[in-house]
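# Coordinate analysis (summary)
One letter stands for each residue in the lines below.
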Amino acid sequence: MADPSHKKVILGLTGGIAAYKAAELTRQLTQGGIEVQVVMTESACGFITPATLQALSGKPVFTDMWDARVSDNMAHIELSRGKDAIVVAPATADFIAKLTHGLADDLLSTLCLARECPLLIAPAMNRQMWDNAATRRNIAQLEHDGVVVLGPASGDQACGEVGMGRMLEAVEIAEAVSAFLAPKFLSGKRVLITAGPTFEPIDAVRGITNRSSGKMGYAVARAAIEAGAKVTMVSGPVSLSSPVGAEITRVDTASQMFEAVRRNVARADIFIAVAAVADYRVDKPREHKIKKTDERQLQLKLVPNPDILGWVAARPRAPFCVGFAAESRNLDVYADEKRRRKKVQLMVANRAQEAIGADDNEVMLLDDAGTHRLERAPKEVVARQLIAHIAKLYGATRRKVKA
Ligand code: C5P
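Quantities reported herein were computed from a predicted structural model and do not represent experimental measurements. (Residues numbered from 1 in each chain as written. Predicted model: local features only at pLDDT ≥ 70, side-chain atom pairs only at ≥ 80, totals over all residues. Heavy atoms only, no water.)

The subject of this paragraph is the sheet that holds strand β5 (residues 148–149). Where strands meet in a sheet, backbone hydrogen bonds hold them as pairs that are either parallel or antiparallel. Strand order in the open sheet formed by five strands is β2-β1-β3-β4-β5, and the pairing between neighbours is parallel. Among the strands making up the open sheet, the edge pair consists of β2 (34–40) and β5. Two elements, strand β3 (residues 85–91) and strand β4 (residues 119–123), share four bridges in a ladder whose sense is parallel. Of the residues in β4, the one forming a bridge with Ile86 is Leu119. Strand contacts of helix α4 (residues 93–101): β3 and β4, with the helix running at about 150° to β4, the strand carrying the most contacts. (Pairing = 2+ DSSP bridges. Helix = DSSP H or I, 4+ residues; strand = E, 2+ residues; numbered from the N terminus. Contact = heavy atoms within 4.5 Å. Axes fitted to C-alpha atoms, helices over the stretch in contact; angles between N-to-C directions.)

Pasting the structure below:
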């Protein structure tokens, strides 16, 4: 299956203290499957070395117009061809002024002027430079010219002052770039997603849970947002930051997750159940901590939890339903049996022992048309491929319903 997430960007660094964040940004972009070609201005090299960016991007860094590695000596043209965007982070006040006026006196500014692809900039500067009328004019002009301006944020500044002008954090820029580049497969669609583990209390301090980290569910939510969907999440207890743009309800137990899904399901076009929901809960959790006694056995009575996905799929006007099956053996047989039993259009099967808690995943997609294998990749990449597949199936289903 072609990887719709394979994008190529030029990451341009200009000379500001926020250049240190570009190292993390490079890592985030490449981990998300984006190929990064770093270009640095001379003053950026005063803040961070090209060697650091080369190691993180896996490509030699360009700093000079006359780089002999480009055979026709046209680095300012060659480097940006075939790229999906140029991202300048940090973009200093000086570089922004140059961009506004179309100046081209070094490799990065010349690349920006000669580009055929979109330009995104993440400004970073002292608050007075940001508030200065000249910068205000320049930013307004760049936005008018179609340049995408990411941030800046307000907060502590390297100069000791506090105010507007801080560059966004690397993760925020990476998410914005991914969202900008993603095909809008699910534009305007409402997607409801469960994610993470559940926690079923035994007493006031103990409970039954599992090793799900929530990484896959959160990656699916981000990929859906990138694809233009309006995402509502119901998340079990995880230590992950919320995907930017998602409406999120945090819960502990399967019953709470069920309630939150019931509240939101009527509006959903697509339901993706990624959560690792506990099959059983303790019948009557104790209000206080259970004390150790001399008894040789302590018995807990467990009762079944509601099957959230099964309930949603059985509704009269059910959304398009996608389930996840984590199996430790007979992956395809068990997952397909689950797909038929729960009556969902798509089941995503993965190996429980390899997928749960990991950063990478290798999955099999089972639907009426058969089985597709997605290669092992970071969960962000797998999530984008999955969303592309869901969008294709969802479109086909809708066409069938209409016909
Ligand atoms: O636990 P099981 O293997 O049946 O999970 C398969 C799918 O069903 C997953 O998508 C999971 O999120 C969903 N599920 C659910 N409610 C449950 C159990 C599982 O929504 N109580």
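This paragraph deals with the packing of helix α1 (residues 19–31) against helix α2 (residues 50–57). Packing of α1 against α2 brings their axes to within 9 Å, and their N-to-C directions diverge by 15°. As the angle between them shows, α1 and α2 are arranged roughly parallel. Along this stretch, α1 crosses α2, giving a crossing that reads as right-handed. Contacts from Ala22, Ala23, Thr26, Arg27 and Thr30 of α1 reach α2 at Thr52, Leu53, Leu56 and Ser57. Residues that form the contact of α1 with α2 fall into these classes: four nonpolar, four polar and one charged. (Parallel < 35°, antiparallel > 145°, perpendicular 65-115°, else oblique. Left-handed = near helix turned anticlockwise from the far one by under 90°. Nonpolar A, V, L, I, M, F, W, Y, C, P; charged D, E, K, R; others polar.)

For the rest of this paragraph, the subject is unusual backbone geometry. Residues Ala89 and Pro90 are joined by a peptide bond in cis, for which omega reads 0°. Tracing the chain through its elements places Pro90 in strand β3. With an omega of 0°, the peptide bond between Gly151 and Pro152 qualifies as cis. Looking at where Pro152 falls in the secondary structure, it is placed in the loop between β5 and β6 (153–156). Located in the positive-phi region is Asn330, a residue other than glycine, with phi close to 45°. Here Asn330 is to be found in the loop between β16 (320–327) and α12 (331–342). Despite not being glycine, Lys343 shows a phi value in the positive range, around 55°. Its place among the elements puts Lys343 in the loop between α12 and β17 (346–351). Residue Lys343 is classed as exposed on the basis of its relative accessible area of 66%. (Buried < 20%, exposed > 50% of the residue type's maximum accessible area, 1.4 Å probe, protein only.)

Right, let's talk about the pattern of salt bridges for a bit. If the charged atoms of two oppositely charged side chains come close together, the side chains can form a pair. The tally for this structure, following the rule as stated, stands at 23 salt bridges. The residue Glu169 makes a salt bridge to Lys21 at a minimum N-O spacing of 3.3 Å. Of this pair, Glu169 sits in the loop between β7 (162–166) and α8 (170–181) while Lys21 sits in helix α1, placing them 148 residues apart in sequence. On the basis of relative accessibility, which here comes to 32%, the residue Glu169 falls in the partly exposed class. Classification of Lys21 by relative accessible area gives buried; the value is 8%. Through salt bridges that share partners, Asp336, Arg339, Arg340 and Asp368 make up one connected network. (Salt bridge = Lys/Arg side-chain N within 4 Å of Asp/Glu carboxyl O.)

Moving on, we come to the environment of Phe62. Tracing the sequence through the fold places Phe62 in the loop between α2 and α3 (75–78). A sequence separation of 25 residues divides Phe62 from Gln37, and the C-alpha atoms of the two residues are 8.2 Å apart. Apart from the residues within four sequence positions on either side, Phe62 is in contact with Gln37, Val38, Val39, Met40, Asp67, Arg69, Val70, Leu79 and Leu107.

This brings us to the domain arrangement of the protein chain. Many authors give the size of an interface as the accessible area that is lost as the parts come together. Taken domain by domain, the protein chain comprises domain 1 (8–181) and domain 2 (190–402). Every contact between the two is made by six residues of domain 1 and, on the other side, eight residues of domain 2. Roughly 540 Å² is buried in total at the junction of domain 1 and domain 2, and carbon and sulfur atoms are behind 47% of that figure. The three residues of domain 1 that bury the most area against domain 2 are Gly32, Glu175 and Ser178, which together make up 63% of that side's buried surface. (Domains from an automatic or database assignment. Buried area = accessible area lost by both parts, 1.4 Å probe.)

Where burial is concerned, most of strand β8 (residues 190–195) is hidden: five out of the six residues are buried. Pairing analysis gives six bridges linking β8 to strand β11 (residues 230–235), with the strands arranged parallel. Opposite Ala195, over in β11, you have Ser235 as the bridge partner. Pairing of β8 with strand β13 (residues 270–273) involves four bridges; the strand directions are parallel.

Nonpolar side chains in soluble globular proteins tend to be buried together. In this structure, Val220, Val231, Ile272, Ile387 and Ile390 are the most contacted members of the largest nonpolar core, which totals 38 residues. Element by element, the count of residues in this core is highest for helix α14 (residues 379–402), at nine residues. Core analysis: the second largest hydrophobic core is formed by 31 residues, Ala18, Ala122, Leu168 and Val177 among them. (Core = buried A, V, L, I, M, F, W, Y, C linked by side-chain atoms within 4.5 Å.)

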